[in-house]
Amino acid sequence: MAKRLFIKTYGCQMNVYDSGRMADLLAPLGYRLADAADDADMVILNTCHIREKAAEKVYSELGRLKPLKAARARRGGEMVIAVAGCVAQAEGAEIMRRAPVVDMVFGPQSYHRLPEMVARATRAVAKTGAGPGRGILDIDFPAEAKFDHLPAPTATGVSAFLTVQEGCDKFCTFCVVPYTRGAEYSRPADAVIAEARRLVEGGAREVMLLGQNVNAYHGSLAEGGEIGLGALVRRLAEIPGLARIRYTTSHPADVDEELIAAHRDVPQLMPFLHLPVQSGSDRVLAAMNRRHDADAYRRLIERLRAARPDMAFSSDFIVGFPGESDADFAATLRLVREIGFAQAFSFKYSPRPGTPAAALEGQIADEVKSERLSELQALLAAQQRAFNAACVGRSLPVLFERAGRHAGQLVGRSPYLQAVHAAAEADAIGTIRAVRITGIASNSLSGALDGASAAASAS
Ligand code: 5AD
Ligand code: SF4
């Protein structure tokens with residue numbers, strides 16, 4: 001009988017990709033994805049450690065799982081509970097100590113060993129007749145490349161994630177990623193291209209290339225040498241049927257000429273870029289070890305806009321970094337006003353254990369962080385509304401991804417990653433149609449198929 005597997009994913013798109021691969025790894029062992037933890041044979045929490053709040057959620061979820069596991073044991077079954085991802089990497093032994101309900105802890109770099117871990121856990125149950133509770137901890141950074149041990153991805157939607165790069169060598173002083181995901185690693189270009197082809201064969205029309213620092217990509221080629229992200233994009237654009245290419249997350253210091261040229265020349269590369277700046281103050285950027293100043297960021301945006309005039313930008317911001325003065329924060333607001341973002345994420349600085357900034361003097365009071373965050377978010381929200389409002393009346397090519405909440409309605413994405421709702425037949429899923437934008441909601445656009453140009457732009 002099929003076993004039920006429930007995976008709960010927190011945090012970034014890399015975790016979403018990893019969760020998909022874990023499901024692929026466990027499928028040959030008879031595990032099928034379930035949509036709730038009740039009565040699951042195995043529950044995996046794929047966790048995020050980026051901010052304190054994200055990490056705390058794991059412990060409260062484990063508290064909720066405890067009675068479910070006990071109930072299943074009373075019925076003579078068992079529920080294996082695993083904690084994966086970056087909290088596992090950072091706090092492995094601590095999780096085992098604090099939450100005995102957990103059977104397995106493994107990090108983002110060792111999940112390819114999951115079938116072996118499950119086999120070990122199952123053998124132990126057979127031997128002792130007891131529930132799991134054996135405590136398997138695997139938070140190595142193994143020498144073997146994880147990607148060589150993963151099966152080909154199975155589940156694809158219209159838009160598919162594809163991890164091309166992992167880890168980070170930037171060591172921004174606030175960030176845990178270099179510690180939890182490890183050193184920067186780029187997958188060989190041929191492996192990436194082969195995976196993209198398989199995704200397209202499986203129905204994907206768009207790939208989102210993923211990496212913690214995706215534009216640091218430098219993948220080897222079978223014929224020798226290495227290519228960067230711009231060249232990779234050009235090669236991917238040759239795959240028939242691949243209509244759209246995106247990538248995230250980029251570091252401003254790693255945007256090179258080749259990537260800017262790809263934005264100019266490759267129509268499949270979408271004119272939307274998530275380019276975190278974190279702060280508009282040179283003093284804060286230096287203390288963050290961001291490796292660029294505010295003007296370098298402004299110039300970069302100008303160069304990208306010169307290459308692709310309709311390019312829209314999104315960013316990440318941290319307010320209340322240690323030592324951030326009112327003047328520093330004002331510099332952030334100034335930069336936001338000058339650039340004009342289509343969308344953005346902003347956070348209060350959260351001290352992460354083991355990172356250099358956590359030990360800095362001049363930590364900012366929470367009330368000050370909250371005030372700055374609401375001021376920044378009000379400005380960013382107004383910019384997002386203005387960007388969306390400017391789309392009303394325009395005809396945008398929309399790649400339809402799935403059915404909407406209302407009957408007869410589909411949801412897709414504009415080139416600028418806005419969700420767009422429109423009445424359309426289900427067979428439009430996976431096609432690009434021209435949609436005349438008629439309205440905006442808080443986070444999405446609505447419109448109607450643009451009869452005249454729909455046929456011409458469908459692909
Ligand atoms: N505190 C607050 N925000 C953080 N981020 C990363 N580390 C921290 C931290 N310690 C934010 C950054 C990054 C995004 C993914 O999360 O803005 O770009
Ligand atoms: Fe973290 Fe991004 Fe800085 Fe790397 S570049 S340390 S992932 S914020």
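Note that the structure is predicted; figures quoted are calculated from it, not measured.

K.L.:
Looking at this model, I keep getting lost on the site of ligand 1. Mind explaining?
P.N.:
Residues in close proximity to ligand 1 include Ile50, Arg51, Phe174, Gln278, Asp316, Ile318, Phe347, Lys348, Tyr349, Ser350 and Arg352, which together make up its full environment. Contact distances for ligand 1 include 3.0 Å between a nitrogen atom and a backbone N or O atom of Phe174. At a separation of 2.6 Å, an oxygen atom of ligand 1 approaches a polar side-chain atom of Asp316. Those elements that provide at least two residues to the shell around ligand 1 are β15 (312-319) and β16 (343-348). Looking at the shell around ligand 1 residue by residue, the classes come out as five nonpolar, two polar and four charged.

K.L.:
Mind showing me how you'd approach the site of ligand 2 here?
P.N.:
Taken together, the residues surrounding ligand 2 are Cys168, Lys170, Phe171, Cys172, Phe174, Cys175, Val177, Pro178, His251 and Arg290. Taken together, the residues of the shell around ligand 2 break down into seven nonpolar, one polar and two charged.

K.L.:
Quick question: what am I supposed to make of the sheet that holds strand β21 (residues 444-449) here?
P.N.:
Sheet strands associate in pairs through backbone hydrogen bonding, adopting either a parallel or an antiparallel arrangement. What the five strands build is a closed barrel, ordered β17-β18-β19-β21-β20; its pairing is mixed. For this sheet, the mean inter-axis angle between neighbouring strands, taken without regard to orientation, is 55 degrees. Pairing geometry for strand β19 (residues 419-423) and β21, over five bridges, is parallel. Its bridge partner being in β21, Ala423 is matched across the sheet by Ala448.

K.L.:
In this structure, what is going on with the packing of helix α2 (residues 52-74) against helix α3 (residues 85-98)? I would like to understand it.
P.N.:
For any two helices packed against each other, the geometry comes down to the angle between their axes and how far apart the axes lie. Interaxial distance between α2 and α3 falls to 12 Å at its minimum, and their mutual angle equals 35 degrees. Every pair of crossing elements has a handedness; the one defined by α2 and α3 is right-handed. Where α2 approaches α3, its residues Ala55, Val58, Tyr59 and Leu62 are matched on the opposing element by Val87, Glu91, Glu94, Ile95 and Arg98. Tallied by class, the residues present in the contact of α2 with α3 amount to six nonpolar, no polar and three charged.

K.L.:
Quick question: what am I supposed to make of the nonpolar core here?
P.N.:
Nonpolar side chains in soluble globular proteins tend to be buried together. Counting residues in each nonpolar core, the largest one holds 56 residues, and the members touching the most others are Leu209, Leu229, Leu232 and Leu236. Residues Ala23, Ala82, Ala84 and Ala121 belong to the second largest nonpolar core, which totals 26 residues.

K.L.:
What am I meant to see in the side chain of Thr431 here?
P.N.:
By secondary structure assignment, the location of Thr431 is in the loop between β19 and β20 (432-440). In this structure the side chain of Thr431 is engaged in a polar contact, spanning 2.6 Å, whose partner is the backbone oxygen of Ala428.

K.L.:
I'm lost on the environment of Leu162 in this one. Help?
P.N.:
Note on placement: Leu162 falls in strand β7 (residues 159-163). Assessed through its relative accessible area of 0%, Leu162 is described here as buried. Distance from Leu162 to Val192, taken between C-alpha atoms, is 7.7 Å for residues 30 residues apart in sequence. Contact partners of Leu162, with chain neighbours within four places excluded, come to Tyr17, Arg187, Val192, Glu195, Ala196, Leu199, Met208, Leu209 and Leu210.

K.L.:
Mind showing me how you'd approach the confidence of the model for the protein here?
P.N.:
Keep in mind that low pLDDT regions are not for reading the predicted coordinates in detail. When pLDDT is averaged along the protein, the result is 93; 95% of the residues meet or exceed 70. Here residues 129-133 is a poorly scored stretch, pLDDT under 50, and it has eleven contacts once near neighbours within four places are set aside; other chains count. Throughout residues 452-459 the model reports pLDDT below 50, and contacts reaching past four residues in sequence, or to other chains, amount to twelve contacts.

K.L.:
It is not clear to me how unusual backbone geometry should be interpreted in this structure. Could you clarify?
P.N.:
Negative phi is the rule for most residues except glycine; trans is the rule for most peptide bonds. Residue Thr249 is reached from Thr248 by a cis peptide bond, and omega for that bond is 5 degrees. Topologically, Thr249 is positioned in the loop between β13 (244-248) and α8 (257-265). Phi is positive for Asp39, which is not a glycine, with a value near 65 degrees. Mapped onto the elements, Asp39 comes out in the loop between β2 (31-33) and β3 (42-47).

K.L.:
Please explain the packing of helix α10 (residues 294-307) against helix α11 (residues 326-339) as it appears in this structure.
P.N.:
At a closest axis distance of 11 Å, the pairing of α10 and α11 adopts a crossing angle of 10 degrees. Taken together, the axis directions place α10 and α11 in an arrangement best described as roughly parallel. Where α10 approaches α11, its residues Ala294, Tyr297, Arg298, Ile301 and Arg305 are matched on the opposing element by Leu335, Glu338 and Ile339. Looking at the contact of α10 with α11 residue by residue, the class counts come to five nonpolar, no polar and three charged.

K.L.:
Would you mind going over the sheet that holds strand β5 (residues 104-106) with me for this structure?
P.N.:
Here six strands make up an open sheet; going across it, the order is β2-β1-β3-β4-β5-β6 and the pairing parallel. The open sheet has two edge strands with one neighbour each: β2 and β6 (136-138). Ignoring which end each strand starts from, the neighbouring axes of this sheet average 20 degrees apart. Bridge analysis of β5 against β6 gives three bridges, and the strand direction is parallel. Pairing of Val105 across the sheet is with Leu137, part of β6. Contacting β1 (3-9), β3 and β4 (80-84), α2 crosses the sheet at an angle of about 175 degrees to β3.

K.L.:
Teacher, can you tell me more about the pattern of salt bridges here?
P.N.:
For side chains bearing opposite charge, pairing can occur when the charged atoms are close. According to the stated counting rule, one finds 29 salt bridges in the structure shown. Put simply, Asp265 and Arg234 hold a salt bridge, and the shortest N to O gap is 2.8 Å. Pair noted here: Asp265 is in helix α8 and Arg234 is in helix α7 (residues 229-236), with a separation of 31 residues, a long-range link. Given a relative accessible area of 34%, Arg234 falls into the partly exposed group. For Glu338, the salt bridge identified is with Arg298, shortest N-O distance 2.3 Å.

Parameters at a glance
Residues numbered from 1 in each chain as written. Chains lettered and ligands numbered in written order. Predicted model: local features only at pLDDT ≥ 70, side-chain atom pairs only at ≥ 80, totals over all residues. Heavy atoms only, no water. Near = heavy atom within 4 Å. Polar contact = N/O pair within 3.5 Å; in protein donor to acceptor, adjacent residues only side chain to side chain. Helix = DSSP H or I, 4+ residues; strand = E, 2+ residues; numbered from the N terminus. Nonpolar A, V, L, I, M, F, W, Y, C, P; charged D, E, K, R; others polar. Pairing = 2+ DSSP bridges. Axes fitted to C-alpha atoms, helices over the stretch in contact; angles between N-to-C directions. Left-handed = near helix turned anticlockwise from the far one by under 90°. Contact = heavy atoms within 4.5 Å. Core = buried A, V, L, I, M, F, W, Y, C linked by side-chain atoms within 4.5 Å. Buried < 20%, exposed > 50% of the residue type's maximum accessible area, 1.4 Å probe, protein only. pLDDT = per-residue confidence, 0-100. Parallel < 35°, antiparallel > 145°, perpendicular 65-115°, else oblique. Salt bridge = Lys/Arg side-chain N within 4 Å of Asp/Glu carboxyl O.

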